[in-house]
Amino acid sequence: MYRKIGLQGLLALALAVSSSRAMAADCDPQCAADQYCETTGVQPLCLELCNAPNGCKATETCVHDTATTGHCAPPTCGGVECEEGQVCHNFGTEETPDEKCSCIPADTFEVGGVLQPDSCPAGYICSMGPVESQEDIVPSVCRKPGEWEDCVKTVGCADGEDGAILECTSDIYPGSTLCLQRCGQNADASGATPHTEKCADPALACRAVGSKAFCTYNFCIDMCQGAGCFTDAQRAKLFQPCTGAGLNDSTCQPGAIEDSGTVYEYGLCVQAGHATSRGKCNPDATRLSDPTFATMCPINEACMGVHPTTTNDSWTGQVGECLQMCNAYPGANPAPSPVANCTGSANYCMDVTGVPSIQKTILGFCLNKCDLFGTDTCPDNNVGDKQGCWPDDRTLTDPGYCHALVSNPGKLGESCSSNENDPRSVCGDRLVCRQPSGASTGVCSGWCDTNTCSDPTQGCSSCLPPTAACKPVLDGASDLLGICEVPFGYVAPGLDAGIPESSPDAAAVVVRVDAGGVPGDDAGTSEATPSPSSGGCSCSTSASDLPMGFATLLIAAGLLLGRVARRRT
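Quick look at the structure, then.

Definitions and limits used
Residue numbers run consecutively from 1 along every chain, following the written order of its sequence. With pLDDT at 70 or above as the cut-off, local features in this predicted model cover only qualifying residues; side-chain atom pairs require 80 or more to be listed or tallied, and sums for whole chains, interfaces and linings still use all residues. In computing side-chain properties, one takes all heavy atoms of the structure into account and sets aside hydrogens as well as water. Helical segments are the DSSP runs of H or I of at least four residues, strand segments are the runs of E of at least two, and each set is numbered from the N terminus. Only protein chains enter the accessibility calculation, which uses a 1.4 Å probe; a residue is then buried when its area is under 20% of its type maximum, exposed when over 50%, and partly exposed in between. Any two residues whose heavy atoms approach within 4.5 Å are treated as being in contact. Calculation of accessible area relied on Shrake-Rupley with a 1.4 Å probe; when residues are assessed, cover is drawn exclusively from the protein chains displayed. When the centres of two rings from Phe, Tyr and Trp lie within 6.5 Å, Trp using its six-membered ring, the rings pair. Their planes under 30 degrees apart give stacked, over 60 give edge-to-face, and anything left gives tilted. Note that a disulfide, as used here, is simply two cysteine sulfur atoms within 2.5 Å. When a carboxyl oxygen of Asp or Glu lies within 4 Å of a side-chain nitrogen of Lys or Arg, that pair is called a salt bridge. Pairing between strands is defined by DSSP: at least two bridges between the two strands are required. In this scheme, patches are assembled from residues that exceed 30% relative accessible area and form no salt bridge. Like charges are connected within 9 Å, while nonpolar side chains (Val, Leu, Ile, Met, Phe, Trp, Tyr) are connected within 5 Å. In this count, Lys and Arg are taken as positive residues and Asp and Glu as negative ones, while His and the chain termini are left out. Charge placement uses NZ in Lys and CZ in Arg. For Asp and Glu, CG and CD serve respectively. A 1.4 Å probe that fits into a set of points on a 1 Å grid over the protein atoms alone but cannot get out defines a cavity; an open set with protein on both sides within 12 Å along at least five of seven lines defines a pocket, and lining residues are those with an atom within 4 Å of a point. Grid points are joined across faces, edges and corners, and a volume is the space filled by probe spheres set on the points. Amino acid classes used here: Ala, Val, Leu, Ile, Met, Phe, Trp, Tyr, Cys and Pro are nonpolar; Asp, Glu, Lys and Arg are charged; the rest, including Gly, are polar.

This part takes up the overall build of the protein. Of regular secondary structure, the protein possesses 4 helices and 36 strands. In the protein, which comprises 569 residues, the proportion classed as buried is 46%. In the protein, once contacts between residues fewer than 6 apart in sequence are set aside, the share between residues at least 24 apart is 49%. About 28100 Å² of surface is accessible on the protein, with carbon and sulfur atoms providing 52% of the total.

Laid out in structure tokens, this is it:
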């Protein structure tokens with residue numbers, strides 16, 4: 001039906017048409033920084049400035065040459081051009097860009113909740129793993145893989161430690177291509193005169209494959225899964241002599257790893273030595289650093305690190321003591337034949353793996369047993385340290401054990417400060433350093449039993465002082481170990497000061513223990529779950545991300561046994 005619109009209607013219509021034409025001249029929404037708006041066609045389009053129509057790679061930036069052209073180049077962070085496979089990324093704030101160049105590890109970089117591959121070229125590995133604090137954040141680089149890491153033969157491997165030659169091979173473990181150390185008669189790095197090399201790691205042995213030989217894990221019982229996978233004859237080898245560098249010069253240690261609920265068990269032949277039985281030893285000793293094995297423990301004993309040397313404040317060169325091995329499976333029945341039990345005064349077998357066993361054989365160390373809430377006295381250890389009683393189980397179903405103390409441990413109510421490089425307790429017998437989160441110092445406090453001190457907000461008669469409340473190490477659980485929260489401002493008898501009044505109130509305090517840790521923790525806080533291994537971290541292309549197979553389990557087995565006792569103390 002025809003309708004007159006009048007003069008005002010015609011003006012409004014004209015304005016609307018004009019406005020729509022003006023909007024069509026620009027791209028809506030606006031183009032990205034690496035695009036420009038092309039308006040010469042019928043419709044405005046966003047086109048790539050660089051490498052049209054795909055744009056630059058994720059690890060490149062688009063440099064504007066003109067308003068409509070550009071070229072792809074490595075990103076520049078703080079004026080420094082990144083290397084191949086790097087981008088600008090801040091791992092502290094997860095923001096881009098940053099002032100430093102880094103490759104992006106898959107374990108820290110997500111898109112839509114999906115972990116992304118790192119930005120390194122094929123065959124290279126991102127050097128950065130998970131970070132725990134701002135102090136740990138450093139620029140990461142793309143590096144060649146090291147020993148036991150996945151590799152590509154055309155790229156090869158990094159140089160090994162102490163001049164060891166690493167080769168990318170699938171000859172040892174078909175289906176997995178790994179960087180392994182050559183051993184035996186190998187040419188040196190220049191390809192010149194051959195020389196004899198030893199496998200430095202005490203758990204490795206030289207295995208020949210054709211004309212080559214590689215350092216591989218030295219199993220005395222092959223890895224298997226399922227109850228009864230060890231025969232009686234195999235299980236009888238555990239804790240007994242086996243062949244490492246020489247005939248029967250090592251100990252067949254039981255081991256287990258767990259993957260997706262499946263437990264794999266094995267026996268690993270670990271080099272023994274000639275240190276005094278139950279005496280001093282070096283937990284970092286290798287076949288290269290100690291070719292005569294003088295600082296390695298004798299058969300059926302293992303070296304547990306006790307304290308740093310007097311010349312440095314790190315784990316390197318740490319002083320340890322030889323401890324007898326034992327079967328920590330509850331009841332140890334059935335057990336290897338002969339049964340591996342503790343002998344002498346060190347009569348408590350403590351599990352140092354934390355991994356369940358299907359063979360009912362768990363590697364343990366023999367320690368002096370004590371009553372955490374008693375008055376018995378711990379003897380000195382084998383390296384001259386005084387010892388105090390420490391808990392081994394948060395559920396208090398196990399007894400306490402004797403744990404090394406620093407030379408001048410703090411008394412109840414005294415201030416304390418942990419040292420992550422020293423596993424000894426900084427507080428005295430039956431005390432722990434309770435340190436507020438983020439604080440540089442804490443206060444020496446006692447242990448308590450939450451069965452008898454069930455209300456964490458009330459004073460507990462078993463604590464010293466009795467007005468202290470018993471805070472469970474793990475909140476919300478029952479039948480657990482607790483720590484007496486000494487009231488702020490408390491002054492122990494004979495002392496001048498307690499924890500400062502200015503500290504956070506008790507409800508805001510995060511329980512933190514000294515460098516020894518609550519047994520089973522990594523050194524530091526009581527919030528972590530038990531960690532049986534020396535651990536380590538890896539990026540997306542590391543060997544630990546290989547498809548689960550025999551070679552991968554070997555790597556996990558190696559991580560499990562690396563200085564395992566050090567993490568339990």
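Okay, the packing of aromatic side chains next. According to the stated counting rule, one finds 4 aromatic pairs in the structure shown. Considering the side-chain rings of Trp 148 and Tyr 217, the 4.7 Å spacing of their centres and the 35° angle between planes classify their relative orientation as tilted. Here the residue Trp 148 occupies a position in the loop between strand E12 (142–143) and strand E13 (166–169), and Tyr 217 occupies one in strand E18 (residues 212–217), the gap between them amounting to 69 residues. Here Trp 148 and Tyr 217 have matching classes, each one buried. Relative to Trp 447, the ring of Trp 390 lies with its centre 5.4 Å away and its plane at 70°, an arrangement referred to as edge-to-face.

Glancing now at the state of the cysteines. By the definition in use, this model includes 23 disulfides. The partner cysteine of Cys 224 in its disulfide is Cys 229, sulfur to sulfur 2.0 Å. Judged by the sign of its S-S torsion, about 60°, the cystine formed by Cys 224 and Cys 229 is right-handed. Note on Cys 229: relative accessible area 22%, which makes it partly exposed. Between the sulfur atoms of Cys 297 and its disulfide partner Cys 322 the distance amounts to 2.1 Å. The S-S bond linking Cys 297 to Cys 322 shows a torsion near -95°; that makes this disulfide left-handed. Residue Cys 297 is found in the loop between strand E23 (280–281) and strand E24 (301–307), and its partner Cys 322 is found in strand E25 (residues 319–327); the two are separated by 25 residues along the sequence. The exposure classification of Cys 297 matches that of Cys 322, with both residues buried.

With that out of the way, let us pick up the pattern of salt bridges. Counted by the stated rule, this structure contains 9 salt bridges. Between Lys 212 and Glu 167 there is a salt bridge, with its nearest N and O atoms 2.6 Å apart. A residue pair is termed long-range when its members are at least 10 positions apart, and Lys 212 in strand E18 and Glu 167 in strand E13 qualify at 45 residues. The shortest N-O distance in the salt bridge between Arg 424 and Asp 422 comes to 2.8 Å. Counted as one network, the salt bridges with shared partners bring together Glu 167, Arg 182 and Lys 212.

What the 4 strands build is an open sheet, ordered E19-E22-E21-E20; its pairing is antiparallel. The open sheet has two free edges, formed respectively by strand E19 (219–225) and strand E20 (241–242), since each of these has just one partner strand. Pairing analysis gives 2 bridges linking E20 to strand E21 (residues 250–259), with the strands arranged antiparallel. Each residue of the ladder has a partner; that of Pro 241, found in E21, is Thr 251.

Mapped onto the elements of the fold, Gly 413 is located in the loop between strand E30 (400–410) and strand E31 (415–416). Here Gly 413 falls in the buried class, since its relative accessible area comes to 0%. The spacing of Gly 413 and Val 486 is 73 residues in sequence and 7.2 Å in space, taken between C-alpha atoms.

Here we come to a negative patch on the surface. A surface patch of negative charge is lined by Glu 147, Glu 161, Asp 162 and Asp 201. One can find Glu 161 in the loop between E12 and E13. Overall, the relative accessible area of 69% leaves Glu 161 in the exposed class.

Here the structure, examined in full by the defined rule, presents 2 cavities of 30 Å³ or more. For the second largest cavity, the calculated volume is near 50 Å³. Lining the second largest cavity we find Pro 254, Gly 255, Ala 256, Thr 353, Val 355, Pro 356, Ser 357, Thr 361, Ile 362 and Leu 363. Classifying every residue of the lining of the second largest cavity by side-chain character gives 6 nonpolar, 4 polar and no charged.

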